Every structure is written in structure tokens, then in C-alpha cells.
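# Fold and geometry: a report
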Amino acid sequence: MGELIKNENGNIENTAKSENAYLSIRGYVIDAQKHVSSAVNSAMVNAYWNIGKAIYEMCGENDRAAYGKQVLQYISERLTTEFGRGFSVQGLRNMRQFYLTFQNRSTLCSELSWSHYRLLMRVEDENARNFYAQEAAKSGWSVRQLQRQINTMYYNRILASRDKESVAAEIQTTVPKPEYEKIVKDPYVLEFLDLPQNDHFYESDLEQALIDHLQKFLLELGRGFSFVARQKRITFDGRHFYVDLIFYNYILKCFVLIDLKTEDLTHQDIGQMQMYVNYYTREMMNEGDNPPIGILLCADKSDTLVRYTLPEDNTQIYAAKYMAYMPTEEELKRELNLDEFEKLDD
């Protein structure tokens, strides 16, 4: 142990040796915490995989049929009574889906928690999902870091980047880990697998590329879309807001406002789009115009959050998830669920 000396006020000060001793001991505590956390996570993940397998074998392909519902409800109630929260019917369905997504048990990583796997299950592309799982385990990504990488299409960006090291390191500045961890209807689809070759492909590049592609895509989609503005600034009481894309559709006779979010949709995002729609309704509509439409594109969204944030009679704001491939015009009409789009064929 390093020396401890007293200053002129009689208070004990640490010498360099004392500080080194503290850092060394702190390291032991952190290592122990990591080992405990890893052991708990591994046990939990394995248990949930086994539960998911048992449910699948019991209920078959359709766990929502009458028999499957009864079985899940019975198991949920018994487990909840004995072990507490965490075994709701939906939770059991998640475990079943976990088993179906990762049927090869040997691919499971002990470094990843159940929260990591909950995110990975939402990645539909198997190659991308396996890539994220391997990178998360190898790089020690936190759950927030993994979520950020999935939402910002890190898999696609790293494939399109020549300077892969700097793109890989970007996550440490956008979502740094805590110090002790350092050791409308879905899907709204956009083509994004053919990313242009680039020395770097950071998140800001991704957002701009999505906006570029969306602007071009809508203008080519059919008759009626006219480009109005990009990054349109709206100012209220000295505060500036920017709408990513604004179109006017001469067939629908309304403004179409589009905002892109590279993270999960929040109720604040929906409220902000509502503000944009209200502004264009009250200030920008011309005589004979229909009310404007607002479209929120996001990496992922909660249908429940959208439903309870928007009024029940909502006909102006649509939230949708973007994905990495191109729809046909008919698919877009169907996914947006806007009857007015049928007029594009007239």
C-alpha cells in the first residue's frame, strides 16, 4: 500500500502509490461484477432458450390458436405466482421466438444478455443478425450501443465503407459505454443495399443518403409529387425546427411532410410532427387544399406508443419503419394504407 501523508490541515492525502493500489483493487471489483453478470446472463439466456423450445414443441407452429393460448396462459399464471414478473404470455412468446430465431444453440454468445437478444430478434436479415451478434460479443457492445448500431444500419455501412476501422470506432463517441463497460403500417421500405462506395460511412452520411433516396424515390413513384423543400426551417419564438422533406401532391391536393428518425420513434417525435402538420394546416394551406399528411420514418417503432399518442380519429400522421430494400408501387400503396394513393393510377 502507498504512503498516506497528512497535509497542513491534518487531512489524509493519497500518494501515487495509493492511487495505483486503489485502481488495481477497483479493477478486481469490476472484473468480479463482469463475471457475475456474464454468469447470470448466460444462465438466463439458456433458460429462456429451453423455455422457448418447450413452448414451441408443445404449441407447434401456431401458439395463438385456442389450445396454444390456453397453454401459455396457464404456464404464465403458474410461473408468475411462483417466480414473479417476467413470465407474461407475451414474454413466453418472446422466448418461443428466441428459440425459432436461434435454433442452433451453439451460436449463442455467453457475452450477450437477454436484452441484447431481444434486439437481435428484430433483425430480419439472418446475415446481418449474425454479424451484429458476433460484433456485439467481440466488441463488448452495451445494449444501447447495439441498438444504435442496428438502427443506423451499421452492417450496411461497414460493408460500404473503405475505412472500416474509423466507422467501427464511431460508436464509442456516439454512444460511449460507461467506464466500467469499456473493457402508417410497416414496413415502409427503401432500397439501401446498394450503398455507394465511400471511404467513411458515418451515421450522418446514412441519414443524408436516406433522405436523398427518399426524395428521388417519391418523385419517381408516380404522378403528382412535386418537390417543395428539404430541411425546411420553421421558427417559433426564436426556436428553429427543420422538416427533412416537403412535397406537394397535386392529385391528393395536399402537402406531404416527411421526417426521418435514425433511432426508435418516441412520443416527442410524434408530437413534433403534429406541430409541423398544424403549422402547415393553419399557415400554408391554400384554398381547395386538403389537410397535409405527415409521415415519420424511423428505424423502429412501438405500435402501442403510436396508437396512444395519436388521437383515435387521426388521418394525417403516419409512422412507419424503413427497411433496406425497395418496394413496388403496389406494396407502397398497401403498406401506407392510403386509399388516396389509388388515384395515382388514374
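The structure displayed is predicted, hence computed values, not measured ones. (Residues numbered from 1 in each chain as written. Predicted model: local features only at pLDDT ≥ 70, side-chain atom pairs only at ≥ 80, totals over all residues. Heavy atoms only, no water.)

## Observations regarding the overall build of the chain
A tally of regular secondary structure across the chain gives 13 helices and eight strands. For the chain, buried positions account for 42% of its 346 residues. With the model as given, the accessible surface of the chain reaches about 19,700 Å², and the carbon-plus-sulfur share is 49%. (Helix = DSSP H or I, 4+ residues; strand = E, 2+ residues; numbered from the N terminus. Buried < 20%, exposed > 50% of the residue type's maximum accessible area, 1.4 Å probe, protein only. Areas by Shrake-Rupley, 256 points an atom, 1.4 Å probe, with all protein chains shown as cover.)

## Overview of the side chain of His116
On the secondary structure map, His116 appears in helix H4 (residues 114-120). His116 sits in the buried class, given a relative accessible area of 7%. Among the polar contacts made by the side chain of His116, one reaches the side chain of Ser113 at a distance of 2.8 Å. Residues contacting His116, with those up to four places away along its chain left out, are Trp141, Ser142, Val143 and Leu146. (Polar contact = N/O pair within 3.5 Å; in protein donor to acceptor, adjacent residues only side chain to side chain. Contact = heavy atoms within 4.5 Å.)

## Here we look at the confidence of the model for the chain
For the chain, mean pLDDT is 75; residues scoring 70 or higher make up 72% of the total. Low pLDDT, under 50, characterises residues 180-194; the stretch is placed with 64 contacts to residues that sit more than four places away or in other chains. Predicted confidence for residues 338-346 stays below pLDDT 50, and this span has 19 contacts to residues more than four positions away or in other chains. (pLDDT = per-residue confidence, 0-100.)

## Describing the pattern of salt bridges
Scanning the entire structure with this criterion turns up one salt bridge. The shortest N-O distance in the salt bridge between Glu135 and Lys138 comes to 3.0 Å. Of this pair, Glu135 and Lys138 both sit in helix H5 (residues 126-139), three residues apart, which is roughly one turn of the helix. (Salt bridge = Lys/Arg side-chain N within 4 Å of Asp/Glu carboxyl O.)

## Description of H5
An α-helical turn contains 3.6 residues, so any two residues separated by three or four positions project in the same direction. Here H5 contains 14 residues, and its C-alpha end-to-end distance of 20 Å stays within 8% of the 20 Å for a straight helix at 1.5 Å per residue. Buried within H5 are the following residues: Ala128, Arg129, Phe131, Tyr132, Ala133, Glu135, Ala136 and Ala137. Positioned one or two residues after H5, Gly140 has a phi angle of 65°, which is positive. (Expected span 1.5 Å × (residues − 1).)

## Considerations on the environment of Asn249
Within the secondary structure, Asn249 sits in strand S5 (residues 239-249). Residues Asn249 and Val228, 21 residues apart in the sequence, show an inter-C-alpha distance of 9.9 Å.

## A short note on unusual backbone geometry
One non-glycine residue with positive phi stands out, namely Met153, at about 55°. By relative accessible area, Met153 is classed as buried at 8%. The phi torsion at Gln231 lies on the positive side, around 50°, for a residue other than glycine.

## Re the nonpolar core
Counting residues in each nonpolar core, the largest one holds 37 residues, and the members touching the most others are Phe98, Leu112, Tyr117, Leu120 and Tyr132. Elements that contribute at least two residues to this core include exactly helix H1 (16-59), helix H2 (66-83), helix H3 (89-101), H4, H5 and helix H7 (154-160). The next biggest cluster of nonpolar side chains, apart from the first, holds 19 residues, and it includes Ile234, Phe241, Leu296 and Leu310. (Core = buried A, V, L, I, M, F, W, Y, C linked by side-chain atoms within 4.5 Å.)

## Some words on the pairing of S5
Two faces, one strand: in a regular strand the side chains alternate between the faces of the sheet. Burial within S5 is extensive, with eight of its 11 residues counted as buried. Both strand S4 (residues 225-236) and S5 contribute to a ladder of 10 bridges, which runs antiparallel. Counted as the bridge partner of Arg233 is Tyr242 from S5. Strand direction decides the pairing type here: S5 and strand S6 (residues 254-264), joined by five bridges, are antiparallel. Counted as the bridge partner of Phe247 is Val256 from S6. Once S5 ends, the chain turns through four residues before running back antiparallel as S6, passing Lys253 with a positive phi of about 55°. (Pairing = 2+ DSSP bridges.)

## Describing the environment of Gly288
By the secondary structure assignment, Gly288 is in the loop between helix H11 (267-284) and strand S7 (293-300). Looking at Gly288, the relative accessible area reads 56%, which means it is exposed. Separated by 34 residues in the primary sequence, Gly288 and Cys254 place their C-alpha atoms 9.2 Å from one another.

## A word on the packing of aromatic side chains
With the rule as written, the count across this model stands at 19 aromatic pairs. Centroid distance Phe98 to Tyr117: 5.1 Å. Interplanar angle 50°. Geometry classified as tilted. Within this pair, whereas Phe98 is found in helix H3, its partner Tyr117 is found in helix H4, the two being separated by 19 residues in sequence. There is no split in this pair, since Phe98 and Tyr117 are both buried. Arranged with centres 5.1 Å apart and planes meeting at 70°, the rings of Phe255 and Tyr280 form a pair that is edge-to-face. Pair noted here: Phe255 is in strand S6 and Tyr280 is in helix H11, with a separation of 25 residues, a long-range link. (Phe/Tyr/Trp six-rings, centres within 6.5 Å; stacked < 30°, edge-to-face > 60°.)

## Observations regarding the packing of H2 against H3
Running from N to C, H2 and H3 point in directions that differ by 110°, and their axes come no closer than 9 Å. Comparing the axis directions of H2 and H3 gives the class roughly perpendicular. Two packed elements cross with a definite hand, and for H2 against H3 that hand is right-handed. Between H2, through Lys69, Leu72, Gln73, Ile75, Ser76 and Leu79, and H3, the contact on the second element is made entirely by Val89, Leu92 and Arg93. (Axes fitted to C-alpha atoms, helices over the stretch in contact; angles between N-to-C directions. Parallel < 35°, antiparallel > 145°, perpendicular 65-115°, else oblique. Left-handed = near helix turned anticlockwise from the far one by under 90°.)

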